[in-house]
Amino acid sequence: TDNIDACLKVLQARANLYRQNIEGINMGRKLSEEAVALDPEYSTAYCLIAFSHMQDVFYGGSKSPKKSLEKAFLLTKKSLSLDSSCTLPYTTLAWCFLLTRQHAKAIAACEQALKFDPNDAFAYSTLAMILTYSGEPEEALAAIEKALRLNPKPPSMTFLIQGFVYYHKGMYEKALSALKKALNLS
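To keep things clear, this report deals only with the structure shown in the data block. This is a predicted model, so every value here is computed, not measured.

Section: unusual backbone geometry
At step 1: A positive phi is found at R101, a non-glycine position, where the angle reads about 60°.
At step 2: Relative to the elements of secondary structure, R101 occurs in the loop between helix 5 (87–99) and helix 6 (103–116).

Next up, the structure:
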């Protein structure tokens, strides 16, 4: 966007969404909607609204998970229609596919994100989560380690995912340590 106010709202929205709680999700959605009002062609703002609906499902804040995921898919498609060369819509799409247990599509969406930006730590952490639930723990471990190399000061969500990866690999002490980091950051 060329609209600095819309851009600032998106940056604030992203920070709120990374808090990983219902208040952060709601504030992130509100700020993203305000960014869309300022610039109706702002792909990232639509994507963050979609991401907030996906998070509502993931964190149990949605009264209707099916409707929330429908909104997330719809808004992600809107975001992609405005800019199909950005990683975030593909990563959001991957999360939506994960929550609907479409693992192959989720992996493909992450791979698409990484084609546009092979150094996107968030895409690698998302891929790690998907691979964990796809029964690919070794690949998941490699993906989360790469995410942490790319972003050594990640948001709490990365440590949450790291905790899930370790837990599913039976590395319980490491899982507990990663989950405590996630909790302390959020």
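Read on for the rest.
Quick notes on the side chain of Q55
At step 1: Note on placement: Q55 falls in helix 3 (residues 43–58).
At step 2: Take Q55: its relative accessible area is 0%, and that puts it in the buried class.
At step 3: Residues contacting Q55, with those up to four places away along its chain left out, are L17, I25, G60 and M157.

Looking at the packing of aromatic side chains
At step 1: Applying the stated rule across the entire model yields eight aromatic pairs.
At step 2: By way of ring pairs, the aromatic residues Y18, F51 and F122 are connected into one cluster.

Regarding empty space enclosed by the protein
At step 1: Within this structure, the stated rule accounts for one cavity of 30 Å³ or more.
At step 2: Contributing to the lining of the largest cavity are R14, L17, Y18, L48, F51, L88 and F122.
At step 3: Residue assignment for the lining of the largest cavity shows that the elements contributing at least two residues are helix 1 (4–17) and helix 3.
At step 4: Taken together, the residues of the lining of the largest cavity sort by class into six nonpolar, no polar and one charged.

Things to note about the nonpolar core
At step 1: Core analysis: the largest hydrophobic core is formed by 57 residues, its most contacted members being F51, W95, I144, I161 and V165.
At step 2: Per-element accounting of this core gives the leading share, nine residues, to helix 7 (residues 121–133).
At step 3: Setting aside residues no more than four positions away along its own chain, I161 makes contact with W95, S125, T126, A128, M129 and I144.

Section: the pattern of salt bridges
At step 1: Tallied over the full model, the rule gives five salt bridges.
At step 2: When salt bridges with common partners are traced through the structure, they connect K9, K30 and E34 into a single cluster.

Remarks on the packing of helix 1 against helix 3
At step 1: The interhelical angle for the contact between helix 1 and helix 3, taken along N-to-C directions, is 15°, at an axis separation of 10 Å. Judged by the inter-axis angle, helix 1 sits roughly parallel to helix 3. Seen along the crossing, helix 1 lies across helix 3 with a hand that is left-handed. Residues V10, A13, R14 and L17 of helix 1 form the contact with helix 3, whose participating residues are T44, A45, L48, F51, S52 and Q55.
At step 2: Tallied by class, residues from the contact of helix 1 with helix 3 come to six nonpolar, three polar and one charged.

The rules behind each value
Residues numbered from 1 in each chain as written. Predicted model: local features only at pLDDT ≥ 70, side-chain atom pairs only at ≥ 80, totals over all residues. Heavy atoms only, no water. Helix = DSSP H or I, 4+ residues; strand = E, 2+ residues; numbered from the N terminus. Buried < 20%, exposed > 50% of the residue type's maximum accessible area, 1.4 Å probe, protein only. Contact = heavy atoms within 4.5 Å. Phe/Tyr/Trp six-rings, centres within 6.5 Å; stacked < 30°, edge-to-face > 60°. 1 Å grid on protein atoms, 1.4 Å probe; cavity = no way out; pocket = protein on both sides within 12 Å on 5 of 7 lines; lining within 4 Å. Points joined across faces, edges and corners; volume = space filled by probe spheres on them. Nonpolar A, V, L, I, M, F, W, Y, C, P; charged D, E, K, R; others polar. Core = buried A, V, L, I, M, F, W, Y, C linked by side-chain atoms within 4.5 Å. Salt bridge = Lys/Arg side-chain N within 4 Å of Asp/Glu carboxyl O. Axes fitted to C-alpha atoms, helices over the stretch in contact; angles between N-to-C directions. Parallel < 35°, antiparallel > 145°, perpendicular 65-115°, else oblique. Left-handed = near helix turned anticlockwise from the far one by under 90°.

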